Amino acid sequence: MNAWAVVVAAGRGERADLGTNKVFYPIGGVSVLTCCLRALESSGLFAGVALVLAPSDFEAYERLCAREGRCALVKKIAQGGNTRQASVENGLAVVPEEAQIVAIHDAARPFVSRETLQMSIELAQDTGSGVACTSVVDTIKQVDESGVVHTIDRASLRAAQTPQTFQRAQIVQAYCRARELGWTATDDADIYQRYFGRVTLFTAPGSERNIKLTTKEDFARMQTLCGFKVGIG
């Protein structure tokens, strides 16, 4: 089985308010991006990575490689688009056709486990998709336009994570269709579902560590969970 990963690192990370793209920020002695790429590389599950970067970050990435070492698994670099959806499609476009499976993963989730990656690949191979998620532990309130509050049964809710893994040919078709019809979505599973139908969700051991680093508070939380220093000013 030939599996590739598309690592999306083209966002600006403005909510983190770090003064730089958060994927270049140090955590545990190396950048978030390097930590993520090392997790993929050490899993031994991937033939290659297509890394999606904003054009303005190409030079920063080269400086990072000079400082922290170049990840040999990164075999393609794609230019980020104006939206995450456009960035993912650009990343998919450079994945070689011989790849059977592609895992789409946010660079800002640097602590993804091998178990999560493996489960996503195996499910994609068997069912067409394997989407990491977690159960929702908070009570969710929905407020309608009139201000009426409804409590949502959290037992039926899942919080989607990445990797979101698919058979390469199918997710490429779904993304092409989305562009043709003007579909917009916040994650890959939504695009896949609109074109192919049901997606396969799973929760892997250690999924609570697979958070997306979005705010300064997230960086501080990872310092507590993982017991190392995070470079927060």
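Small disclaimer: the values here were computed from a predicted structure and weren't measured.

Participant: Go over helix α6 (residues 188-196) with me, naming the residues and quoting the values.
Facilitator: Inspection of α6 places Asp-188, Ala-189, Ile-191 and Tyr-192 among the buried residues, and these make up the whole buried set. Each buried residue of α6 lies within a common arc of 160° when the element is viewed along its axis, so the set occupies one face. Check the buried side of α6 and you find it contacts α3 (84-94), β6 (101-106), α4 (114-127), β7 (129-135), β10 (158-167) and α5 (168-181). Of the residues one or two after α6, Gly-197 is the one with positive phi, at around 105°.

Participant: Requested: an account of the packing of aromatic side chains, with residues and values cited.
Facilitator: Under the counting rule described, the total for this entry stands at three aromatic pairs. Here the aromatic residues Phe-166, Tyr-192, Tyr-195 and Phe-196 are joined through ring pairs into a cluster of three or more.

Participant: So what's going on with the sheet that holds strand β4 (residues 48-53)? Which residues, and what values?
Facilitator: What the seven strands build is an open sheet, ordered β5-β4-β1-β6-β10-β7-β11; its pairing is mixed. Each edge of the open sheet carries a strand with a single partner, namely β5 (74-79) and β11 (201-202). Where strand β1 (residues 3-8) lies against β4, five bridges are found, and the strand directions are parallel. Within β4, the residue paired with Val-6 across the bridge is Ala-50. Each of β6 and β10 is contacted by α5, which is oriented at about 110° to β10, the strand it contacts most.

Participant: Quick rundown of the pairing of β4? Include the residues and the values.
Facilitator: With six of six residues buried, β4 is to be regarded as a mostly interior element. Neither face of β4 is exposed, since Gly-48, Ala-50 and Val-52 on one face and Val-49, Leu-51 and Leu-53 on the opposite face are all buried. With five bridges joining them, β4 and β5 adopt parallel strand pairing. Its bridge partner lying in β5, Val-49 is registered against Val-74. Handedness of the β-α-β unit built from β4, helix α2 (residues 58-68) and β5 comes out right-handed.

Rules behind the numbers
- Residues numbered from 1 in each chain as written.
- Predicted model: local features only at pLDDT ≥ 70, side-chain atom pairs only at ≥ 80, totals over all residues.
- Heavy atoms only, no water.
- Buried < 20%, exposed > 50% of the residue type's maximum accessible area, 1.4 Å probe, protein only.
- Helix = DSSP H or I, 4+ residues; strand = E, 2+ residues; numbered from the N terminus.
- Arc of directions from axis to C-beta.
- Contact = heavy atoms within 4.5 Å.
- Phe/Tyr/Trp six-rings, centres within 6.5 Å; stacked < 30°, edge-to-face > 60°.
- Pairing = 2+ DSSP bridges.
- Axes fitted to C-alpha atoms, helices over the stretch in contact; angles between N-to-C directions.
- Right-handed = clockwise from strand over helix to strand, strands pointing away.

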